[in-house]
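Residues per chain are reported as follows:
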Amino acid sequence: DQQVKQNSPSLSVQEGRISILNCDYTNSMFDYFLWYKKYPAEGPTFLISISSIKDKNEDGRFTVFLNKSAKHLSLHIVPSQPGDSAVYFCAATAGGGNKLTFGTGTQLKVEL
Amino acid sequence: KAGVTQTPRYLIKTRGQQVTLSCSPISGHRSVSWYQQTPGQGLQFLFEYFSETQRNKGNFPGRFSGRQFSNSRSEMNVSTLELGDSALYLCASSVTSPSTDTQYFGPGTRLTVL
């Protein structure tokens, strides 16, 4: 049972435009959500997170939106840069669970 | 500060063999988690350790086991390897818990089972 879903395996965006990566979850106990970025041959690196008490968190070019009623979160990257080309994973955790549940990832390609 | 290190980086084994992977967390981090990454499956949680105790375990068969030492270093073991065990195995560490602290990943160990 995939509790965190990223339904788009890939996304292609032109440099300078907005990239929107989506993530859905089914477990209503999740209260903290994270996005990780992964380059080939490297481990994932933490990008941005959001608590369930918020609906938006911004860090430079990256903004995460959370819609609890729809059990949906999205990551916006503006403006997109070629260096943003990577696999993006969303993850979720429930308080005290001591584990992260990851989605299957979305391969973002930012083209010149 | 040194990051999370994993050894070996690459490993080739044959079916039926066993394998042990090692992970050294960031200094001061006491929580270590292990994940399996395969194409199309994302990162699947294997287990999490804190102070030498397994606090959580994912839905993997008993062939997958792990342990943590008093210095927080961790090992995972896979016995009776199957072809489907071919994957990237990632280790991650956090100060006390992946639910409350940022989790930092190592580069992974690429296991190929022939």
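See the structure printed just above.
Residues numbered from 1 in each chain as written. Chains lettered and ligands numbered in written order. Predicted model: local features only at pLDDT ≥ 70, side-chain atom pairs only at ≥ 80, totals over all residues. Heavy atoms only, no water.

Undergrad: Lay out the overall build of chain B with the relevant residues and their values.
TA: Scanning chain B from N- to C-terminus turns up zero helices and 11 strands. In terms of overall size, chain B behaves like a compact globule, its C-alpha atoms giving a radius of gyration of 13 Å where 114 residues would be expected to give roughly 13 Å. With the principal axes as the frame, chain B shows a C-alpha extent of 35 × 30 × 25 Å. The buried share of chain B, reckoned over its 114 residues, is 51%. Taking the intrachain contacts of chain B between residues at least 6 apart in sequence as the baseline, contacts between residues at least 24 apart amount to 56%. By element, 48% of the accessible surface of chain B is carried by carbon and sulfur atoms, the whole surface being about 5,200 Å². The average position of the 11 basic charges and that of the 6 acidic charges among the side chains of chain B differ by 5 Å. (Helix = DSSP H or I, 4+ residues; strand = E, 2+ residues; numbered from the N terminus. Rg over C-alpha atoms; globule rule 2.2 N^0.38 Å. Buried < 20%, exposed > 50% of the residue type's maximum accessible area, 1.4 Å probe, protein only. Contact = heavy atoms within 4.5 Å. Areas by Shrake-Rupley, 256 points an atom, 1.4 Å probe, with all protein chains shown as cover. Lys, Arg positive; Asp, Glu negative; His and termini not counted. Charge placed at Lys NZ, Arg CZ, Asp CG, Glu CD.)

Undergrad: Kindly report on the overall build of chain A, identifying the contributing residues and their values.
TA: What chain A contains, in helices and strands, is zero helices and 11 strands. Across chain A, helices and strands are ordered from the amino to the carboxyl terminus as β-β-β-β-β-β-β-β-β-β-β. For a compact globule of 112 residues, the expected C-alpha radius of gyration is about 13 Å, and chain A comes in at 13 Å, within 12% of that figure. Along the first, second and third principal axes, the C-alpha set of chain A runs to 40 × 30 × 20 Å.

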